[in-house]
Every structure is written in C-alpha cells, then in structure tokens.
Amino acid sequence: MKKYILSLDQGTTSSRAVLFEKSGKAAGVCQIEYTQIYPGNGWVEHDANEIYSSQLEAAKGVLEKCGVNAEEIAAIGITNQRETTILWDRTTGEPVCNAIVWQCRRTADICENYKSQGLEKFFRDKTGLLIDPYFSATKIKWILDNVPGVMERAEQGEILFGTVDCWLIWKLTGGRVHATDMTNASRTMLFNIHTLQWDKEILGLLGIPACILPDVVPSSGSIGVCDASIFGADIPITGCAGDQQAALFGQRCFMTGDVKNTYGTGGFLLINTGDKPVTSNSGLLTTIAWSIGNEVTYALEGSVFIAGAAVKWLRDEMQLIDSASESGKLAASVDSTEGVYIVPAFTGLGAPYWEPAARGVITGLTRAAGRAHIVRAVLESIAYQTADVLRAMEQDVGQLGAIRVDGGASANNFLTQFQADILGTEIIRPENVESTAIGAAFLAGIEVGFWADRFEVASLGGSFEKFSPAMSEAEREKLIAGWKKAVACAIASVK
C-alpha cells in the first residue's frame, strides 16, 4: 500500500511538492509561486500564511495529478529555505508580522554592533557562523524589539519562533509539534553545534527568551504526524533538513570530501567534513549537514546570496528575457560579454566577502554591449561567485575533485559549461537536478524503512552528464581578474 514518499520543498520563491517512488524516480511534481515582498532597500519579506497555503496547494496538487491518496504515502519529508524567521501566536497561530527572509539585510546595524564589541570569535566558536544579517538570530531580535508588544508576549510564553520547516511542521500537526531539525537549528546563530543545544549565553546576550524556541530533533527520525484532516489520513513526518543540507544528502555526498553546488535563488557550495566540525579560515561557515539517530555529520558551506534570482531579475524587472530557459541560448549567441561584468549584490555579498552593505554593479559597459551581453554577464556572475567560494574552500581543506551540481539553474548548459571552464574542474550533473526534494525524501524514507539505509539510497544510481573544462588557463585568469575588479567596485561603492 505504501508506494510513495511525499517531499515538501518550500523554497524562497515557490513551494513545490514531489512524490517519489521506491526507485527514487519522481512520480509527479507540483509547484506554486508566491509573493515576494520588498518593503525597503535590502529588505525582503514573505507572508507566512501564504507560505503554508502555497505549500499545501502544491501537495494536494501533486496528489491529485498522480491520482494518489494519503494511504499510499509512507512518510513526509520537509526541506525549506533556511534562516527565514517567523514568530507567531501560540494560541491563534497567527504570525506577529511578515516572515523576515534569509536575504533580508535590515539587521546589518545590529550585526555591526556585535562585531564592534569583538564578539565574532564568541559566536563562531559556538555556532560555526559569522555574525551576519543572513542568520535568524538578529531577525528574531529585530522582531522582538520592533513589533509592539511582542517581547512582553514572548516572555509570557505566548509567542513561538520557527524557521520555515518548524512553521510547516506546526501547521501540519495541528499545532501539536513545535520542532526543528539540527540542520535548520544550526543556521539560526543560536545553536551550539558542539553541545547540540540552544546556547544560553547567546540567548542572554541577544535578549531572546528560551521559551519561544522549538525542540531540536534529528533530520531523519519520528518528528510528528500530519493530521488526517489535511490529506485524508495520518501521515508520519520523518524527514527534515534545510534545503542545502537536503541537497547534499540527495546528491549522495555521504563520504568525507564529497562536494555539491546548488544553483537556486542563491548558490550554495557544501563539502561533507565527516563527524567533526571543521573551522574555516577563509570566510566559510561550519554547519551541521544532517543527523540520523545519534550520528551527526558536519559540512563546510559557502553561500552566494544571488544566483538564480539574478536570472529572475533579468526576466521580471529588466524584461530582457521571457523565460529562464531562454537565457542560455541568448548568452551563447555572443562569443563573450565584451568586457561587461555584473556583480548581483542585490542583498549584499556572501562568502567569502561577507559585505552586507555591498550592492550590485555593472562594469565595462561600452556602446557595443547589448541584450545578449548583459544576459551572458549575469550567467557568468553565478559561475564567478561559485569560483570564489570554491577557492576559499580549497584553502581550508585542500584540492577538491569533481563538483556535483543541482538546482534549477544547473539545467542551463551554458552556465554549467562556463562553470567547468572557470573552475578548471569537471562538473557532474545528475539526470534529476532536484536534489533538495529527493534528499528530504531519502531522510524520511530511511526512518520508516521505505529505503533500508544510505547504502540502498546510494545504489539507486541514475544517469549523469559530465562537463569538462575547455578554457585555457590564460583566458581563465584574465576573466577572473576582471571579475575581481568588478567585485571591488561593488564593495567600494558603499565604503
């Protein structure tokens, strides 16, 4: 009877639901886009209720499309945009304000204040993270300090905090379960990745009441039960991981040293570092990759804030393309960008620069530059940003081998080939580039015996396509030098 795992993939711009069969193949997909809210310069918000309603619509949509009923689903796995912060009323379930999205830079001043106190090592030693608006901690503080009455209600136990996974779990279980998994907890800047607990010293420093925090559970385990009123039968929720950690698992990066890069709204390069956290000296983050039972696996991560979102900008704001799929063909229609570089620092720069005040720039414009050159420069910017992160990662762990890629933009052949060229490294792209959703499915399925263990998951295989570098070293160095100058302009523009 149990033929499928339902994966809920709640992303930054859309909510997706995917049904996976035991073979690892996707039986069906449904995707619903939802509203992006930009209330100020560098501010990004979502309506938490719309996040849930769009995810529910996607889930019901894929079941209807495939003619599947709830009794056929063995378990639910959840993966989500990370760091996005929601506070809601424990009794009514109503959010106290819009969700503050991971991209939002409104807490830059708060972060600068803590940096000026010399607290970067304090936070890094405990959480593996840098002090940055990216993470949930200062977003929580901002809401407590700026939304009238919320601090008092929080101190009285009337308010709950959660990242998006926690919000979905709470809603799906009818408010019975307030929990997050270790991967999402490790992205809040409140979780001690060594003791595997919320850190009391950090909570005290930021003035965040511990009573608002969720329980922390393994990424693969018995998390809760989706209420029968939602899909027609009780379904166990047994898998949960932040989107990038889920993609690492979905790419079967089970061995120490395995690397993957996901091209989503942002770009995220992760390397499995095994059962011990590795501290970066190059601006990368130490994070929890996943937890299964008592076993915790760690990763190093480099985060690029704007990747696929820049292509969406070309489509929606600049109207230079009608669809994302058009970008690769247009970029390939010209031999180069004619010296044009675009640094899409729309919400600051992530690893390895960590410049939250930086903003996007276009350099090298001449009269010869046209639509195709701009589109090509945007796609190339995604590869350059990835190269920056990869070189930083190599400083920490040594030379890396082939890079496994996934996410929507990795389907772009121009981008994937240029990535191989600019890295001088082989790129491996799986047949199914939706590694985030399948990673959550694997974590859920292992817990309920749908798949026996990681060995069975690894054996599912699937076909791959390889992209080998075809660019000369001299050309590569010339292009990267131009990119570095463009990045310097983006940083200098706000200094």
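Within each chain, residues carry numbers counting from 1 in the order of the written sequence. Two thresholds apply to this predicted model, a pLDDT of at least 70 for residue-level local features and 80 or more for giving and counting side-chain atom pairs, whereas whole-chain, interface and lining totals are computed over all residues. To obtain the side-chain values, all non-hydrogen atoms of the structure were used and water was disregarded.

Asker: Even after reading the chapter, I still don't get the overall build of the protein chain, so can you show me in this structure?
Answerer: Scanning the protein chain from terminus to terminus reveals 17 helices and 23 strands. Just to be clear, the radius of gyration here is over C-alpha atoms, and the globule rule we use is 2.2 Å times residues to the power 0.38. In terms of overall size, the protein chain behaves like a compact globule, its C-alpha atoms giving a radius of gyration of 22 Å where 495 residues would be expected to give roughly 23 Å. The C-alpha extent of the protein chain, read off along each of the three principal axes, is 60 × 55 × 40 Å. Sorting the 495 residues of the protein chain into buried and exposed places 62% on the buried side. A run of H or I in DSSP becomes a helix once it reaches four residues, and a run of E becomes a strand once it reaches two; helices and strands are each numbered from the N terminus. Here the term buried applies to any residue with accessible area under 20% of the maximum for its type, exposed to any over 50%, and partly exposed to those in between, with areas from a 1.4 Å probe on protein chains only.

Asker: Even after reading the chapter, I still don't get the pairing of strand 2 (residues 14-20), so can you show me in this structure?
Answerer: Regular strands have side chains that alternate between both faces of the sheet. Of all seven residues that make up strand 2, seven are buried, and the element is covered over most of its length. By the alternation rule, side chains of strand 2 split into Ser14, Arg16, Val18 and Phe20 and Ser15, Ala17 and Leu19, which are all buried. Where strand 1 (residues 4-10) meets strand 2, six bridges bridge the pair, whose relative direction is antiparallel. Bridge assignment links Ser7 to a residue of strand 2, and that residue is Val18. Being paired, for any two strands, means DSSP has found at least two bridges between them. The hairpin formed by strand 1 and strand 2 contains three residues between the paired strands. In the sheet, strand 2 pairs with strand 3 (residues 26-33) via seven bridges, with the strands oriented antiparallel. Looking at strand 3, one finds that Leu19 is bridged to Gly28. Between strand 2 and strand 3, which pair antiparallel in sequence order, lie five residues; one of them, Gly24, sits at a positive phi of approximately 90°.

Asker: Any chance you could explain the packing of aromatic side chains here in plain terms?
Answerer: The relative placement of two aromatic rings is captured by the distance of their centres and the angle of their planes. Centres within 6.5 Å are what make two rings of Phe, Tyr or Trp a pair, Trp counting through its six-membered ring; a difference in plane orientation under 30 degrees is then read as stacked, over 60 as edge-to-face, and the rest as tilted. In the structure shown here, the tally under the stated rule is 25 aromatic pairs. Relative to Trp290, the ring of Phe249 lies with its centre 4.9 Å away and its plane at 85°, an arrangement referred to as edge-to-face. Of this pair, Phe249 sits in helix 10 (residues 243-250) while Trp290 sits in strand 17 (residues 285-292), and the two are 41 residues apart along the sequence. Comparing Phe249 with Trp290 shows no difference in burial state: the two are buried. Through pairs of rings, three or more aromatic residues link up here, namely Trp102, Tyr134, Phe135, Phe268, Phe305 and Trp354. Consider the ring centre and the ring normal. A charge sits over the ring if Lys NZ or Arg CZ is within 6 Å of that centre and within 35 degrees of that normal. In this structure, Lys22 is placed above the aromatic ring of Phe450, and the distance from its NZ or CZ to the ring centre is 5.4 Å. For the cation-ring pair, Arg82 lies above Phe268, with the distance from its terminal atom to the ring centre recorded as 5.3 Å.

Asker: I keep staring at the nonpolar core and nothing clicks. Help me out?
Answerer: Inside soluble globular proteins, nonpolar side chains tend to come together where they are buried. Definition used in this section: a nonpolar core is a set of buried Ala, Val, Leu, Ile, Met, Phe, Trp, Tyr and Cys residues joined via side-chain atoms within 4.5 Å. Residues Leu87, Leu190, Val343 and Ile422 are the most contacted members of the largest nonpolar core, which totals 135 residues. Ranked by residue count, the leading element in this core is helix 13 (residues 371-397), at 14 residues. By definition, residues are in contact when any of their heavy atoms lie within 4.5 Å. When neighbours within four sequence positions are excluded, Val343 is seen to be in contact with Leu349, Gly360, Val361, Trp483, Ala486, Val487 and Ala490. Judged by nonpolar contacts, the second largest core, of 43 residues, contains Val68, Ala179, Ile230 and Cys240.

Asker: Would you explain the pairing of strand 21 (residues 403-406) in this entry?
Answerer: Pairing geometry for strand 15 (residues 259-263) and strand 21, over three bridges, is parallel. Residue pairing in the sheet places Thr262 in a bridge with Asp406 of strand 21. With two bridges joining them, strand 21 and strand 22 (residues 427-430) adopt parallel strand pairing. Note that in strand 22 the partner of Ile403 across the bridge is Ile427.

Asker: Can you help me understand the environment of Val343 in this one?
Answerer: Mapped onto the elements of the fold, Val343 is located in strand 19 (residues 341-343). In this structure the C-alpha to C-alpha distance between Val343 and Thr183, which are 160 residues apart in sequence, comes to 29 Å.

Asker: Is there a simple way to explain the side chain of Ser282 in this structure?
Answerer: Relative to the elements of secondary structure, Ser282 occurs in the loop between strand 16 (267-274) and strand 17. At a separation of 3.2 Å, a polar atom in the side chain of Ser282 contacts the side chain of Asp396. Apart from residues no more than four positions distant in its own chain, Ser282 is found in contact with Pro352, Ala392, Gln395 and Asp396. Residues adjacent in sequence count toward polar contacts only when both atoms are side-chain atoms; beyond that, a polar contact is any pair of N or O atoms within 3.5 Å, and within protein one must be able to donate a hydrogen and the other to accept it.

Asker: What exactly am I supposed to notice about the pattern of salt bridges here?
Answerer: Salt bridge, as applied in this entry: a Lys or Arg side-chain nitrogen positioned within 4 Å of an Asp or Glu carboxyl oxygen. Tallied over the entire structure, the rule returns 29 salt bridges. Of the charged contacts, one joins Asp243 and Arg82 as a salt bridge, the two residues approaching to 3.4 Å between their closest N and O atoms. Taken together, the residues Asp243 in helix 10 and Arg82 in the loop between strand 5 (73-80) and strand 6 (86-89) connect sequence positions 161 residues apart. Note on accessibility: Asp243 and Arg82 belong to one class, buried. Here Glu301 and Arg187 are joined by a salt bridge, their closest N and O atoms 3.1 Å apart. Of this pair, Glu301 sits in strand 18 (residues 295-304) while Arg187 sits in the loop between helix 7 (182-185) and strand 10 (191-192), placing them 114 residues apart in sequence. Here the salt bridges do not stand alone but share partners, grouping Arg82, Glu83, Arg187, Asp243 and Glu301 into one network.

Asker: Is there a simple way to think about the packing of helix 13 against helix 14 (residues 413-423) in this case?
Answerer: What describes two packed helices is the angle between their axes and the distance between those same axes. Note on geometry: axes are lines fitted to C-alpha atoms, helical ones only across the stretch in contact, with angles between N-to-C directions running from 0 to 180 degrees. Axis separation between helix 13 and helix 14 bottoms out at 9 Å; the angle between their running directions is 40°. Classified by the angle their axes make, helix 13 and helix 14 are oblique. Where helix 13 crosses over helix 14, the handedness of that crossing is right-handed. Of the residues in helix 14, those touching helix 13 at Arg376, Leu379, Glu380, Ile382, Ala383, Tyr384, Thr386, Ala387, Leu390 and Arg391 are Phe414, Leu415, Phe418, Gln419, Ile422 and Leu423. Angular relationships are summarised with four words: roughly parallel below 35 degrees, roughly antiparallel beyond 145, roughly perpendicular across 65 to 115, and oblique for the angles in between. When the near helix sits turned anticlockwise from the far one by under a right angle, the crossing is termed left-handed; a clockwise turn instead gives a right-handed crossing.

Asker: Looking at this structure, how should I read helix 12 (residues 324-332)?
Answerer: One full turn of an α-helix is made of 3.6 residues, so residues set three or four places apart face in the same direction. If you check which residues of helix 12 are buried, you get Ser327, Gly328, Leu330 and Ala331. Considering only its buried residues, helix 12 is in contact with helix 11 (308-316), helix 13 and helix 14.

Asker: What exactly am I supposed to notice about the state of the cysteines here?
Answerer: In what follows, a disulfide is any cysteine sulfur pair within 2.5 Å. Evaluated as defined, the whole model comprises zero disulfides. Free cysteine: Cys66, not disulfide-bonded; nearest cysteine sulfur from Cys30 at 9.5 Å. You can call Cys66 partly exposed: its relative accessible area is 26%. Its sulfur unpaired, Cys111 is 11 Å from the next cysteine sulfur, which belongs to Cys104.

Asker: Can you walk me through helix 3 (residues 120-127) in this structure?
Answerer: For helix 3, the full list of buried residues reads Phe123, Arg124, Lys126 and Thr127. As for helix 3, its buried residues are in contact with strand 10, helix 8 (200-206) and strand 17. The first or second residue beyond helix 3 is Gly128, which carries a positive phi of 80°.

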